[in-house]
Each structure stands twice: as structure tokens, then as C-alpha cells.
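Structure assessment
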Amino acid sequence: MRALAGWLLRLGGWRYHMPPPPCKQYVLIGAPHTSNWDFFVGILALWALGIRARWLGKKELFRPPLGWLLTLMGGIPVDRSRRKGLVDQVAAILREREVAILITPEGTRGKAPYWRTGFYYMALKAGVPIALGYADFRRKEVGIGGYLWPTGDLKRDFAAIRAFYQDKVGLRPEKQGPIRIREEEEEVA
């Protein structure tokens, strides 16, 4: 599967790379998220790079007839109307298993006003790094650009995350929202 995925990416003109992870557990964020094609390019990249990641998706995606396939591909259904406890649940999984958990912090393919910060707190609570995963459609480049160990200073750490993603372009740039978090806006208000 790894060779086939790599071949398909190269056939499509994509380059992919990843520096070695500092440990076997990490939160992998995927951005920008502007189209359904992000999922396919991202899954191929995970396979080509040999990453056995689990990913969070809205529970509506897991209905028949494709629900079983998405679960087989590493999907974990999430009820977005009941977010209580999700950070703690994922942090516990990361502490107990050697796994990468993929999350799209924009949470939608549309223009989200803020990035969600659950990924940050999952990594912080589990004591694992955040892998800066990306799919840059302008450069046809996909992979992991580095790792950030969360310090507990969300605003400082997010400044580094923002700097990394600033020049990454999704398939539909018009759907790409600003790279900001609600906590920064609340401080100004």
C-alpha cells in the first residue's frame, strides 16, 4: 500500500516528505482544509509516509454505506453537538497507545472564522508533540513540516503554528479562513 500510495502521489505531480517523529504518539494537524480532495491527498500521503494515523470526523460521515470503510481507514466518529470530554478522551488514547491522531483544526471545508484549539489541548494533556501536517496545492507538496511541543502558552505556540501555515494554500483558496484562534480575539475585546 505504501508503494502504491507513493506512486499515485508522484503520478499526480505531488512531492511528499516527513522528518522523523520525535516519538510514536503525536497529534497531527492537517491544514489548510478547503475541499474534499484534501482527504484523499492526505490519506495517500499518510500511507506513502507509513503513518498509521487515526482521524476524527463528524459522525454523519460514518453512516452506511461508507461508514465501515471510513472506520477501516482509521476514522473515529465524533458527535460535534456533544464535545464535552473529547479532549480528555483523545489525550487518554494518546497516552495509552502508539498512535497519531489527525485533526483538521479549521473543522470545516468552508471559511471558518477561527481554528479550534482542541488539538492543542489534546497534545498538551497527553504530553505529546503536534505534527504540522499540510497539503499545499499551489506547490503540490504534502507531508509534515515539523513538530511543536506545546508549552502551555497557547498564544506563543500558536504564533509558531501560524507562521508555518501562513504560506500554505488549499485547493480552494477562497474557502481558506484566517489562521487565528478565538482566545486571541477575546484578549483584545
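Just so we're clear, the structure is a prediction, and the values are computed from it rather than from any experiment. All residue numbers here refer to positions counted from 1 along the written sequence of the relevant chain. Where local features are concerned, this predicted model is filtered to residues with pLDDT of at least 70; where side-chain atom pairs are given and counted, the filter is 80 or more; whole-chain, interface and lining totals use all residues. With hydrogens and water stripped out, all remaining heavy atoms of the structure feed into the side-chain values.

Before going further, it helps to spend a moment on the sheet that holds strand E3 (residues 53-58). What makes two strands pair is DSSP finding at least two bridges between them. Each helix is a run of H or I in the DSSP string that is no shorter than four residues. Each strand is a run of E no shorter than two, and both are numbered from the N terminus. Judged by pairing direction, the sheet is mixed, and its seven strands sit side by side in the order E1-E7-E6-E2-E5-E3-E4 without closing on themselves. A strand with exactly one partner marks an edge of an open sheet, and here the two such strands are strand E1 (15-17) and strand E4 (75-78). Between one strand axis and the next, the sheet turns by 25° as a mean value, whatever way the strands run. Note that strand E6 (residues 130-136) and strand E7 (residues 141-148) share six bridges and pair antiparallel. Looking at E7, one finds that Ala 135 is bridged to Val 142. Convention adopted: a line fitted to C-alpha atoms gives each axis, helices being fitted over their contacting stretch, and angles between N-to-C directions are expressed from 0 to 180 degrees.

Turning next to the pattern of salt bridges. Note on pairing: side chains with opposite charge can pair once their charged atoms come close. Basic side-chain nitrogens of Lys or Arg form a salt bridge, by our definition, when they fall within 4 Å of a carboxyl oxygen of Asp or Glu. As enumerated under the stated definition, the model contains five salt bridges in all. The salt bridge involving Glu 141 is made with Arg 15; its shortest N-O contact spans 2.5 Å. Highlighted residues: Glu 141 in strand E7 and Arg 15 in strand E1, separated in sequence by 126 residues. Think of it in three bands: with a 1.4 Å probe and only protein chains considered, a residue is buried below 20% of the maximum accessible area for its type, exposed above 50%, and partly exposed in between. Under the relative-accessibility criterion, Arg 15 is labelled partly exposed at 49%. Close ionic contact of Asp 167 with Arg 139 constitutes a salt bridge, the shortest N to O distance being 3.0 Å. Here Arg 139 lies in the loop between E6 and E7 and Asp 167 lies in the loop between helix H6 (154-165) and helix H7 (182-188), a separation of 28 residues in the sequence. By relative accessible area, which is 34% here, Arg 139 ends up partly exposed. Each of Asp 136, Arg 139, Asp 167 and Lys 168 takes part in a single network of salt bridges with overlapping partners.

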